[in-house]
Every structure is written in structure tokens, then in C-alpha cells.
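# Structure at a glance
For reference, the chains in residue letters:
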Amino acid sequence: MAGRAEHTGNTPDPPATPDTPGTPDPPGAPDPTGSPGPTGTREAEDKAATKAEAEAEAADTGDAKGTKATKGSTAADRLTVYRGKRHFGRTREPAGGPAAGGPGGAGGAPRFVVQIHDASTLHFDFRLEVDGVLKSWSVPKGPSTDPHDKRLAMPTEDHPLEYRGFEGVIPDGEYGAGTVIVWDEGSYHPLSRKRKGRTRSFQESLADGHIAFRLDGSKLHGGYALTRFRGGPDSGERESWLLVKEQDDRAGRRGTPDARRARSVLSGRTLRQVAAEEGGGHRERG
Ligand code: MN
């Protein structure tokens, strides 16, 4: 417990590791950057996408129901799926209070958070505050600073705003069992876009399957886009999205840091340190 006061949110992550050869990001999707797609065979591409999806599924989601039937519901309603998956007497994850209202609570900019979650499969969770909840995607390989990287992002159930500060160990036997650190957090600025000559709200763009936003975090900065390339309303198919860095002055070649070496922006700790410090005493399953 002692001796981590010196850690601050500014602790840099270790250098990025390159993507593992042979596991390309899933292509075959609309390319928001306009750059030419990868050159692999179609079959190899499909296999890679299928594998990444299976990993995302195993990592976090359980089922896809959480991403459906949210139209017209309140923020409180939309946490029903989240709450239904968890036992709050056992996990220290927040149950979430009543709906918080508009973006940013007291008139501030809306917030985002990126957590690293060492569950059955190690993955990143990318969450944006929209309408009083955290819209959430499981991103197996994490966000990249390189606009050439197209990172698979599988929608998961809406999370309460309080989840933004959650870091700790979800006990064995509970949904998402494993260690969570808050890798990055901050505010974001929705970038408006037009469709058929009309400016769409951020919520409309989300329903359309394409949002763009500027992140102002401790680690992530600049424009990003999330684009749905499979599934969607009335398709009956599980939704798949891509998270891609926009080409701007914050783009770079650093890629994504090694999730096992990356440090929490809140406590400076790695996954291993959080597991060691908080994992032991929370096993009672009464
Ligand atoms: Mn997760």
C-alpha cells in the first residue's frame, strides 16, 4: 500500500510495442481516413476480424443485448443491463446513481475514459459520456495514435458515469472478473458532422454509426473517429465498430503502449500492482 505517493498521472507509459505480426486489424470496413486499405487477402482479413471479435466477446460482453433497445430510454433505464450483470455486494464497481443529466454534469465538457481490463482476455475499454451514461466499446488492441491503425471496437453495455473512476479487482466468479486500471481520462469535444445537408447531433451521429471527437486526455489527444462497419439497427447482427485516429498534429507512430506495462493515470500503478495490492482481500463470496 505504501510508497506510491510519488506516482502521478503524468508518469509516462513505456515505449509502444509494435503490433504483433500476423494479427492485422480487421479491414473490410469503411475507411474514414481515405487511405488505401491493407493488401492482405480477403480470407486472411476475415479470419483476423473473426478472431478479434471472438476475443472481444470473450473479454467483456457476455451477450449483445446491452447494445439494443436503448432508444428513447432514460439514463437510469439504460443502466438496467449493466446492473443486471453484477452483484454489488461482491464487486466494488459502482452501481450508479440516478441519471446525472446533461453533458459534463455542471455544464463542463463531457468526459471520456480508457480503462485496461485484465479479464479472461486482456483488452481496453473505451467510454464516452453521452446523455448521462458512458457509452462503451471493448477495444481488444486499444486506441492507437497512428491513423493507419484501424482498431476493432465492440459495443458493450452502457456504464454509469461513476465508472470513470473505477480501478481495482473484480472478484472471481463475477462478471468481468479481473483487474482494471484507468489508463487515461479527460474531456472530449464532439465534432459535428453533416448528413444530407443537415448537421447531425452527436446522439444522431451515434445512431447513424459514425462519430468524430477530439480527445483532451493525459495520454490521448486530438481527433478520433468511431465508425460502425457491421450490424446496426434492424440487421439482427452484432455490431462491430472501428476506432481510428484522425490525421492531425496529434497523430503519431507511437501506436498503443504495452497494456501490461502501462500505468494508471490515477495512481501510477500497473495492472500487476493493482492486482497485488487489492486482489487479495476481496475474495469473500458471502
Ligand atoms: Mn472490459
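Values in this document were obtained by computation on a predicted structure and should not be read as measured data.

With that settled, the discussion passes to the overall build of the chain. Check the secondary structure of the chain and you find five helices and eleven strands. When each of the 286 residues of the chain is scored for burial, the buried share is 39%. In the chain, once contacts between residues fewer than 6 apart in sequence are set aside, the share between residues at least 24 apart is 67%.

With that out of the way, let us pick up the pairing of strand S10 (residues 221-230). Note: strand S9 (residues 210-217) against S10, seven bridges, orientation antiparallel. Bridging across to S10, phenylalanine 213 finds its partner in tyrosine 224. Between the end of S9 and the start of S10, which pair antiparallel, lie three residues. Relative to strand S11 (residues 240-245), S10 is paired through six bridges, and the arrangement is antiparallel. Residue arginine 228 lies in a different strand from S11, and its bridge partner there is tryptophan 241.

A low pLDDT means the predicted coordinates there should not be read in detail. In the predicted model, the chain carries a mean pLDDT of 79, and the fraction of residues at 70 or more is 69%. Ignoring residues within four places in sequence, the model shows residues 101-106, a span with pLDDT below 50, making seven contacts including any to other chains. Note on residues 282-286: pLDDT is under 50 here. Beyond four places in sequence and across chains, it has five contacts.

Moving on to the pairing of S11. Burial runs high along S11: six of the six residues are buried. Here S11 shows two buried faces, one formed by Ser240, Leu242 and Val244 and the other by Trp241, Leu243 and Lys245. As judged from the three bridges shared by strand S4 (residues 151-159) and S11, these two strands associate in the antiparallel manner. Across the sheet, residue arginine 151 finds its bridge partner in S11, namely leucine 243.

This part is about unusual backbone geometry. Even without a glycine there, the phi angle at aspartate 131 is positive, about 55°. The phi dihedral of aspartate 234 falls on the positive side, at around 70°, and the residue is not glycine. Within the secondary structure, aspartate 234 is located in the loop between S10 and S11.

Turning our eyes to something else, we now look at the nonpolar core. Formed by 44 residues in total, the largest nonpolar core has its most connected members in Trp137, Ala153 and Leu243. Ranked by residue count, the leading element in this core is strand S6 (residues 178-191), at five residues. Residues within four places of tryptophan 137 in sequence aside, it is in contact with Phe126, Ala153, Met154, Pro155, Thr156, Leu226, Trp241 and Leu243.

Calculation rules
Residues numbered from 1 in each chain as written. Predicted model: local features only at pLDDT ≥ 70, side-chain atom pairs only at ≥ 80, totals over all residues. Helix = DSSP H or I, 4+ residues; strand = E, 2+ residues; numbered from the N terminus. Buried ≥ 20, exposed ≤ 12 C-beta atoms within 10 Å, placed from the backbone. Contact = placed C-beta atoms within 7 Å. Pairing = 2+ DSSP bridges. pLDDT = per-residue confidence, 0-100. Core = buried A, V, L, I, M, F, W, Y, C linked by C-beta atoms within 7 Å.

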